[in-house]
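# Examining the three-dimensional arrangement
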Amino acid sequence: MDSFLSGRRPLFCAQKREAMRNVTIFTDGSCLGNPGRGGWGCILRCEGHEKELSGGEPSTTNNRMELLGAITALQSLHEPCQVSLYTDSQYLANAINLGWLRGWKQKGWRRKDGELKNVDLWQTLDALLQTHKVQFFWVKGHADNVYNNRCDALAVAEREKFA
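Presented here is an overview of the structure given in this document. (Residues numbered from 1 in each chain as written. Predicted model: local features only at pLDDT ≥ 70, side-chain atom pairs only at ≥ 80, totals over all residues. Heavy atoms only, no water.)

For the rest of this paragraph, the subject is the pattern of salt bridges. All chains considered together, the criterion is met by 10 salt bridges. With its nearest N and O atoms 2.8 Å apart, the salt bridge here joins D126 to K105. Of the two residues, D126 is situated in helix α5 (residues 119-131) and K105 in helix α4 (residues 100-106); the sequence distance between them amounts to 21 residues. Judged by relative accessible area, D126 falls into the buried class, the value being 11%. With a closest N to O distance of 2.9 Å, R159 and E160 form a salt bridge. Linked by salt bridges that have partners in common, R21, E47 and E79 make up one network. (Salt bridge = Lys/Arg side-chain N within 4 Å of Asp/Glu carboxyl O. Helix = DSSP H or I, 4+ residues; strand = E, 2+ residues; numbered from the N terminus. Buried < 20%, exposed > 50% of the residue type's maximum accessible area, 1.4 Å probe, protein only.)

Examined against the element boundaries, S30 turns out to sit in strand β1 (residues 21-33). Within the structure, the side chain of S30 is placed 2.7 Å from the side chain of R159, a separation counted as a polar contact. If we skip the residues at most four places from it in the chain, S30 touches R37, G38, G39, N62, M65, A155, V156 and R159. (Polar contact = N/O pair within 3.5 Å; in protein donor to acceptor, adjacent residues only side chain to side chain. Contact = heavy atoms within 4.5 Å.)

Here W100 shows up in helix α4. Taking C-alpha positions, W100 is 8.7 Å from R111, a pair spaced 11 residues apart along the chain. The residues touching W100, leaving out its near neighbours within four places in the chain, are Y91, N94 and A95.

What follows covers the packing of aromatic side chains. Summed over all chains, the structure comprises 7 aromatic pairs. Residues Y91 and W104 carry aromatic rings whose centres are separated by 6.2 Å and whose planes lie at 45° to one another, so their mutual orientation is tilted. Taken together, the residues span a long stretch of sequence, with Y91 in helix α3 (residues 90-97) and W104 in helix α4 at a distance of 13 residues. Under the relative-accessibility criterion, W104 is labelled buried at 9%. Ring centres of W100 and W104 lie 6.3 Å apart, and the angle between their planes is 45°; this geometry places the pair in the tilted category. Here W100 and its partner W104 are both found in helix α4, 4 residues apart, which amounts to about one turn of the helix. (Phe/Tyr/Trp six-rings, centres within 6.5 Å; stacked < 30°, edge-to-face > 60°.)

Below you can see the structure in the form of structure tokens.
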């Protein structure tokens, strides 16, 4: 597998790419109870390669799992990339696409009505968005997107490890 997705450094580190790699990422989070046991899954696709990642926590929320799926996928990229990220979380997609994240940051990581939850994760995501050029796309969950469904299966499998 290409070192880009495997975690190993490239053999030809001295060569610079003239253009960013195009990466497609699918993510999903799952939580039984809110809070409750949860899991996340993601799939990264680049230049004919595909990688699945997943994880979970014994006590968490669905929004944390959705955010961790996206964050972990972006953290696994070893160079700045052009990313198309597909999520079934309207909260995540809207935070980026409708400018909520930018507004929360300008307000000192607060919402207009008060406390912003998961500030740690939003700040991590914000930093990653400074490295990568990311477009967020919302997809309907539990529908006909095979990659979203696979991410859901990965997230549920991780969640069930805590049963």
